[in-house]
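In case you want the letters, here they are:
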Amino acid sequence: CEIKEVKLTPEQAIKKAVAYLAEQGFGEMRESYWTKYYNRIEINFAATSGDIILYPDLIQVAIALDTGNVCNFKAIGYIMNHKPRTIPFLRITANQAREMISPALAVVSQRTALIPTAGEYEILAHELLCRAQNGTEVLVYIDAVTGSEVDILLLRKDENGTLTV
């Protein structure tokens, strides 16, 4: 959809997307990140199971920043992956995961997430949002069962949203 002017803030657009998901009957969803382009905002939401974020169960909602209407909706991740799961026992505690982080990084926040792997597998991980000494934000994923480092993502944030590298 062509959007000529911006009337909504990202926060207002996110509220509209949350309301849309609720109207469509989607359960507990948590905003992950968003990007703004061509006067629309695309928000990524992940399903949750209690306090655990289910990243394989991703939904993307694009909101027009002039009318607040939904102009795109992608739920393939949710449709293909959302199912009852047996969540493994956390053998590595949140504190143990923090201790595994490089001293060059300061942990800003931490949560538990189920993340997809290459192929059809999923890993329960501690997701640690960290800040490097130069101010760069980094997401570090520590396997909550084995304690191994699973992934590291750099976050690039600006007025147009967040990108992971």
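## Section: the packing of aromatic side chains
Per the counting criterion, the structure on display carries four aromatic pairs. Where Phe26 meets Tyr78, the ring centres are 5.0 Å apart and the plane angle is 85°; that geometry is what we call edge-to-face. Here the residue Phe26 occupies a position in the loop between helix H1 (10-23) and strand E1 (29-37), and Tyr78 occupies one in helix H2 (residues 76-81), the gap between them amounting to 52 residues. Take Phe26 and Tyr78: they sit in the same class, and that class is buried. Taken together, the aromatic side chains of Tyr20, Phe26, Phe73 and Tyr78 make up a single cluster linked through ring pairs.

## Comments concerning the layout of surface pockets
Put simply, the largest pocket is a space of about 550 Å³. In terms of lining, the largest pocket is formed by 22 residues, of which the most central are Ser32, Tyr55, Glu127, Leu139 and Tyr141. For the lining of the largest pocket, the secondary structure elements donating two or more residues are E1, strand E3 (52-64), strand E5 (105-116), strand E6 (122-132), strand E7 (137-143), strand E8 (149-158) and strand E9 (161-164). The element best represented in the lining of the largest pocket is E5, accounting for five residues. Split by residue class, the lining of the largest pocket holds 12 nonpolar, five polar and five charged.

## Focus: a nonpolar patch on the surface
A cluster of nonpolar residues, Ile76, Ile79 and Met80, forms a patch on the protein surface that exposes about 370 Å² of accessible area. Within the secondary structure, Met80 is located in helix H2.

## Describing unusual backbone geometry
With phi around 50°, Tyr38 is a residue other than glycine that occupies positive phi space. In this structure, Tyr38 sits in the loop between E1 and strand E2 (40-49). With a phi angle near 60°, Asn39 is a residue other than glycine that sits in the positive phi range. By the element assignment, Asn39 lies in the loop between E1 and E2. For Asn39, a relative accessible area of 26% translates into the label partly exposed.

## Considering the environment of Pro103
Along the chain, Pro103 falls in the loop between helix H3 (94-99) and E5. Once the C-alpha coordinates of Pro103 and Asn160 are considered, the two residues, 57 residues apart in sequence, prove to be 30 Å apart.

## Brief notes about the side chain of Glu42
Looking at the element boundaries, Glu42 is found in strand E2. There is no salt bridge for the buried Glu42, and the closest opposite charge comes from Lys74, which lies 4.3 Å off by N-O distance. There is a polar contact of 3.1 Å between the side chain of Glu42 and the side chain of Tyr37. When near neighbours in sequence (up to four residues on either side) are disregarded, Glu42 contacts Tyr33, Trp34, Thr35, Tyr37, Gln60, Val61, Ala62, Asn72 and Lys74.

## With respect to the pairing of E1
Bridge count between E1 and E2: eight bridges; the pairing is antiparallel. Following the sheet pairing, Met29 is matched in E2 by Ala47. Counting the residues that bridge the hairpin from E1 to E2 gives two residues, and of these Tyr38 lies at a positive phi of roughly 50°.

Rules used in this analysis
- Residues numbered from 1 in each chain as written.
- Predicted model: local features only at pLDDT ≥ 70, side-chain atom pairs only at ≥ 80, totals over all residues.
- Heavy atoms only, no water.
- Phe/Tyr/Trp six-rings, centres within 6.5 Å; stacked < 30°, edge-to-face > 60°.
- Helix = DSSP H or I, 4+ residues; strand = E, 2+ residues; numbered from the N terminus.
- Buried < 20%, exposed > 50% of the residue type's maximum accessible area, 1.4 Å probe, protein only.
- 1 Å grid on protein atoms, 1.4 Å probe; cavity = no way out; pocket = protein on both sides within 12 Å on 5 of 7 lines; lining within 4 Å.
- Points joined across faces, edges and corners; volume = space filled by probe spheres on them.
- Nonpolar A, V, L, I, M, F, W, Y, C, P; charged D, E, K, R; others polar.
- Patch = residues over 30% accessible without salt bridge, like charges linked within 9 Å, V, L, I, M, F, W, Y side chains within 5 Å.
- Areas by Shrake-Rupley, 256 points an atom, 1.4 Å probe, with all protein chains shown as cover.
- Salt bridge = Lys/Arg side-chain N within 4 Å of Asp/Glu carboxyl O.
- Lys, Arg positive; Asp, Glu negative; His and termini not counted.
- Polar contact = N/O pair within 3.5 Å; in protein donor to acceptor, adjacent residues only side chain to side chain.
- Contact = heavy atoms within 4.5 Å.
- Pairing = 2+ DSSP bridges.

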